[in-house]
Amino acid sequence: MENSEGDKPEGGELEPHPPTQQLCRFFSQGRYCSFGKKCRFLHVRKNIEEMGTASLSEGTAPNSHGPVGSEGTREPPIINYRAAPAAARRPCRYFISGHCIMEDRCRFWHPEQLPPVDDKQIQGRSRAPVPRPSVLQEVKLHDLTEDIIRQLRDTEIKQLKKRFPKDQLIIQERSDGKLTYYRATVEATDPDWPFDLKEIDIMVSFPDNYPQEIFTVDVPLDQNLPPVMAKRVQQASQEWLQAKHATNQLMGKVELLFRPFLRWLDRSLERLFTEGARQLKKDIDLEKAGLQFIPYQELQTAASERSDHSSDVDTAEAHEDMEETGKKEGEESVEGEKLVQPESLGHEEGQLQEEATHLVENIKISDPRRGTEVKLLGLALGENTATVVAQQITVCLQCNRCKVTADLTLTGRTPCSAQCEKCSANINAGFRPCMLHHYSDVLGYLDLHNATPADLVLQDCELTVCCLTCSQEGPLQNVYYGQPKELNCEYCHTKLSILAESTRFQFIQPRSNKSGPSAVNYKSIRDPAVQKGKPLPEKGTCKHYKQSHRWLRFPCCGRAYPCDVCHDENQDHIMELATRMICGFCAKEQAYSNGKPCIVCGSMMTRGTRTSHWEGGMGCRNKVKMSRNDRQKYSSTNKTVSRKAASEKK
């Protein structure tokens, strides 16, 4: 059964309906029912007065946005009949928060005013905000007083004691009781910590005028930490504290630095451990190789102590001689005798100082540096490679008279003599090898007469490499510039490697105290032909290519020539394409590249795209601008073209 007058109620009254039939949920909620009069459910709306009576009887209030008793002025709310008793008891949370999009159609109660809340209820549920304690962390320098300094120091010590528990903090006092040391255990917080040792002990002491002065940090050696790593952590900590304190001084303030120091130490502990471990490994490798690294400062200090001791002894003897001479002068007058003057004493002290300086140099380098130094630039030895010694080298020498170059093989045993092929000038050369290791890249020294070195043919050099694991030596040959040479030890099969980028020759001016005519004029000795930072002869050009400012190093023989034609004129083997080149403006050896500037000086070694030759399609491709000497210029000019292709071109 349907109510035909359900859509048009008169006087706000609805016809009675059977209590057993259900209401239409669309119509009762104020929504549109698509079935209309044919709907099988009842289309009935509850009157606002009935809803208000029902709600008031239960102790609640209905939705009433207008004055009480104003019936008919507003359309009665549409409420679900089943849900009305339960929903009308609860206020609408959206209306309380500010806005409800359902407005009068909402099933919940829209009160006119919020119900008053008891003050006791508020005091019972909410708490007053706790003020944060004001702790002095930094103070301006002009506001700093003795009381503030004492307060800042006490605050720092209290924070330190609260930061570390009792089992991780040890407090010790000095014997005089004027200084207190706080030993704390700092643990790394990194979840991906790579080391087995996860904590480190530090000892901190605060001076009386802290924070005007920085506190001291010491790393005790009585823990499971190598001394090298502990020294590295302590040194880096002191550097950070000094830099932070200097920054605060520039900003005109003082700051408590212990907690920032802990944060920095936590972030930097892995890096400091890594650097210390690398230094420890180097020391172990040197010890296995039978070497010992001594800083120059320690050597200079030891030499100065020796010189001071000897000068004190000599000064005491001189004073005794002066006293004895004075006594003799009072008794007898001796003619022709001269007393020791203060100037002579100063001269003796200068000689002693020079002897101390020479002593330091002799300790530092057993063989004095003289001649032409041969240094391998970019030398990189493998982890298990201890030392490398050259037994035989091949050097490209240039005659000082006619500028003709020739190869000469030298050994470290006997010097070699030869004659120039063009001018028949006598050329003498000798080689004194040195030991290559992780702290030295000097291959040896050359003693030359009437010649200067132009290049070192590293490929033809015979070297001897020493293994760090078994301390056995083995031969090493066929080493190329810019390519790592790897081999296995013949005894323990450990992997060894060596890499060298280029070679530098440096003439060393000898020290001479001679000032007479017999002194050698070293200004007449020319510098080597190839020096890093100086241009090559004729800036790397040759008679074949005037616009190519570079030398090419060919892997077939390991020698450097300005072009491939020069290589074929001087060598009798088949040429292989060059893999490295030397800049003609700065003599920097680098990987081969065409049309790109030098990686050091930025100069263009070739003309690049401005060339007038084909060059395999990488150069000039315009046949009008192409050189007439290039065979690609007239290629396909006499080719037969069909009439169809010619007509398509037109």
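Residues numbered from 1 in each chain as written. Predicted model: local features only at pLDDT ≥ 70, side-chain atom pairs only at ≥ 80, totals over all residues. Heavy atoms only, no water.

(A) Structural view of the overall build of the protein. For the protein, the helix and strand inventory stands at 12 helices and 24 strands. For the protein, with 650 residues in total, the buried portion stands at 34%. If you sum the accessible surface of the protein, you get close to 43,300 Å²; carbon and sulfur atoms cover 49% of it. (Helix = DSSP H or I, 4+ residues; strand = E, 2+ residues; numbered from the N terminus. Buried < 20%, exposed > 50% of the residue type's maximum accessible area, 1.4 Å probe, protein only. Areas by Shrake-Rupley, 256 points an atom, 1.4 Å probe, with all protein chains shown as cover.)

(B) Highlighting the sheet that holds strand β20 (residues 502–508). Here five strands make up an open sheet; going across it, the order is β11-β12-β14-β7-β20 and the pairing antiparallel. Every other strand in the sheet has two partners, leaving β11 (416–419) and β20 as the edge strands with one partner each. In this sheet, neighbouring strand axes are inclined to one another by 25 degrees on average, regardless of whether the strands run parallel or antiparallel. Sheet analysis places β11 next to strand β12 (residues 426–433), joined by four bridges and oriented antiparallel. Note on β12: the bridge partner recorded for glutamine 419 is asparagine 426. (Pairing = 2+ DSSP bridges. Axes fitted to C-alpha atoms, helices over the stretch in contact; angles between N-to-C directions.)

(C) Local environment of the nonpolar core. Counting 40 residues, the largest nonpolar core has Phe206, Phe215 and Phe261 as its most contacted members. Where this core is concerned, the elements lending two or more residues are α6 (146–163), β3 (180–187), β4 (199–205), α7 (227–251) and α8 (258–288). The leading source of residues in this core is α8, at eight residues. Excluding residues within four positions of it along the chain, phenylalanine 215 makes contact with Val204, Ser205, Phe206, Pro207, Tyr210, Leu241, Leu257, Phe258 and Phe261. (Core = buried A, V, L, I, M, F, W, Y, C linked by side-chain atoms within 4.5 Å. Contact = heavy atoms within 4.5 Å.)

(D) Region of the structure containing the packing of α7 against α8. Two elements in contact, α7 and α8, have axes whose closest approach is 8 Å; the angle formed by their N-to-C orientations is 140 degrees. The pairing of α7 with α8 is recorded here as oblique in orientation. Where α7 crosses over α8, the two elements pack in a sense that is right-handed. Taken together, the residues of the contact of α7 with α8 sort by class into 14 nonpolar, three polar and four charged. (Parallel < 35°, antiparallel > 145°, perpendicular 65-115°, else oblique. Left-handed = near helix turned anticlockwise from the far one by under 90°. Nonpolar A, V, L, I, M, F, W, Y, C, P; charged D, E, K, R; others polar.)

(E) Focus on the confidence of the model for the protein. Per-chain confidence: the protein averages 75 in pLDDT, with 71% of residues scoring 70 or above. Mean pLDDT in the protein bottoms out at helix α2 (residues 48–57), which sits at 44, and peaks at strand β5 (residues 216–218), which reaches 92. A low-confidence stretch, residues 1–15 (pLDDT under 50), is modelled with 20 contacts involving residues beyond four sequence positions or located in other chains. Scored below 50 in pLDDT, residues 47–86 makes 51 contacts in the model with residues more than four places away or belonging to other chains. (pLDDT = per-residue confidence, 0-100.)

(F) Fine view of the pattern of salt bridges. This model, assessed by the stated rule, comprises 13 salt bridges. Two residues, aspartate 460 and arginine 559, come together in a salt bridge whose shortest N-O distance is 3.2 Å. Of the two residues, aspartate 460 is situated in the loop between β15 (451–456) and β16 (462–467) and arginine 559 in the loop between β21 (550–553) and β22 (560–561); the sequence distance between them amounts to 99 residues. With relative accessibility at 31%, the residue aspartate 460 sits in the partly exposed group. Note that arginine 553 is salt-bridged to glutamate 589, the shortest N-O span being 2.8 Å. Here glutamate 589 lies in strand β24 (residues 589–591) and arginine 553 lies in strand β21, a separation of 36 residues in the sequence. For the residue pair arginine 553 and glutamate 589, the accessibility class agrees, reading buried in each case. Three or more residues are tied together by salt bridges with common partners; here these are Asp455, Glu501, Arg553, Arg580 and Glu589. (Salt bridge = Lys/Arg side-chain N within 4 Å of Asp/Glu carboxyl O.)

(G) Structural view of the environment of leucine 376. Structurally, leucine 376 is set in strand β7 (residues 371–377). Overall, leucine 376 belongs to the buried group, its relative accessible area being 3%. Put simply, leucine 376 and arginine 504 are 128 residues apart on the chain and 6.4 Å apart in space, counted from C-alpha to C-alpha. Contact partners of leucine 376, with chain neighbours within four places excluded, come to Leu436, Asp441, Leu456, Ala500, Ser502 and Thr503.

(H) A look at the packing of aromatic side chains. Going through the model one piece at a time under the given rule, you end up with 14 aromatic pairs. Here tryptophan 193 and phenylalanine 273 contribute two aromatic rings whose centre-to-centre distance is 5.8 Å and whose plane-to-plane angle is 65 degrees, an arrangement assigned as edge-to-face. With a gap of 80 residues between them, tryptophan 193 in the loop between β3 and β4 and phenylalanine 273 in helix α8 connect regions that are remote in the sequence. Accessibility assignment for this pair places tryptophan 193 and phenylalanine 273 in one class, buried. The aromatic ring of phenylalanine 164 is capped on one face by arginine 163, whose charged end is 4.9 Å from the ring centroid. The ring of tyrosine 634 carries the charged tip of lysine 633 above its face, separated from the ring centre by 5.9 Å. (Phe/Tyr/Trp six-rings, centres within 6.5 Å; stacked < 30°, edge-to-face > 60°. Lys NZ or Arg CZ within 6 Å of the ring centre and 35° of its normal.)

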